[in-house]
Amino acid sequence: QVQLVESGGGLVQPGGSLRLSCAAPAGLFSIILMNWYRQAPGKQREFVAAITNGGITNYADSVTGRFTISTDNAKNTVYLQMNSLKPEDTALYYCNVVGIGINYWGKGTLVTVTS
């Protein structure tokens with residue numbers, strides 16, 4: 001079973017920034033799409049951002065203009081730069097990697113935005 005490792009979560013004040021990282025194992029090929037999802041307490045998991053292996057990005061309306069997804073393909077790593085954080089961004093953030101015959105998830109990293 002492939003393990004995706006997320007990191008970078010934590011406690012931050014409103015207006016602050018965090019950078020999440022997710023590393024897929026070296027040698028994992030055939031990746032087409034890397035995504036970030038989040039799940040707030042008592043809510044369903046929701047899409048946050050995506051990036052294709054060609055660099056095309058897509059964002060949820062709620063984070064557009066504040067979050068930026070990027071990758072380091074040499075390291076099989078995807079990042080989520082989160083700026084201007086709001087209390088409603090508080091959630092467990094999950095990394096997801098999709099490719100030919102693969103669909104892997106991480107265990108999540110917790111982001112808490114509070115004053």
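Residues numbered from 1 in each chain as written. Predicted model: local features only at pLDDT ≥ 70, side-chain atom pairs only at ≥ 80, totals over all residues. Heavy atoms only, no water.

Per the stated rule, a full pass over the model turns up two aromatic pairs. Three or more aromatic residues link up through ring pairs in this structure, and these residues are Y37, F47 and W105. Cation over ring: R19 sits above Y79, and NZ or CZ is 3.9 Å from the ring centre. If you follow R45 out to its NZ or CZ, it ends over the ring of Y94, 3.8 Å from the centre. (Phe/Tyr/Trp six-rings, centres within 6.5 Å; stacked < 30°, edge-to-face > 60°. Lys NZ or Arg CZ within 6 Å of the ring centre and 35° of its normal.)

Before going further, it helps to examine the sheet that holds strand 3 (residues 18–23). Taken in spatial order, the four strands make up an open sheet running 1-3-8-7, and their pairing is antiparallel. Two strands close off the open sheet at either side, each with one partner strand: strand 1 (5–7) and strand 7 (67–72). Direction aside, neighbouring strands of the sheet carry axes that sit 15° apart on average. Of the pairings in the sheet, the one linking strand 3 to strand 8 (residues 77–82) comprises six bridges and is antiparallel in character. The residue bridging S21 from the neighbouring strand is Y79, located in strand 8. (Pairing = 2+ DSSP bridges. Helix = DSSP H or I, 4+ residues; strand = E, 2+ residues; numbered from the N terminus. Axes fitted to C-alpha atoms, helices over the stretch in contact; angles between N-to-C directions.)

With that out of the way, let us pick up the state of the cysteines. Summed over all chains, the structure comprises one disulfide. A sulfur-sulfur separation of 2.1 Å characterises the disulfide bridge that pairs C22 with C95. Here the disulfide of C22 and C95 is left-handed, its torsion about the S-S bond being about -80°. Of this pair, C22 sits in strand 3 while C95 sits in strand 9 (residues 91–99); the two residues are 73 residues apart in sequence, bridging distant segments of the chain. Both residues of the pair, C22 and C95, count as buried. (Disulfide = S-S within 2.5 Å. Buried < 20%, exposed > 50% of the residue type's maximum accessible area, 1.4 Å probe, protein only.)

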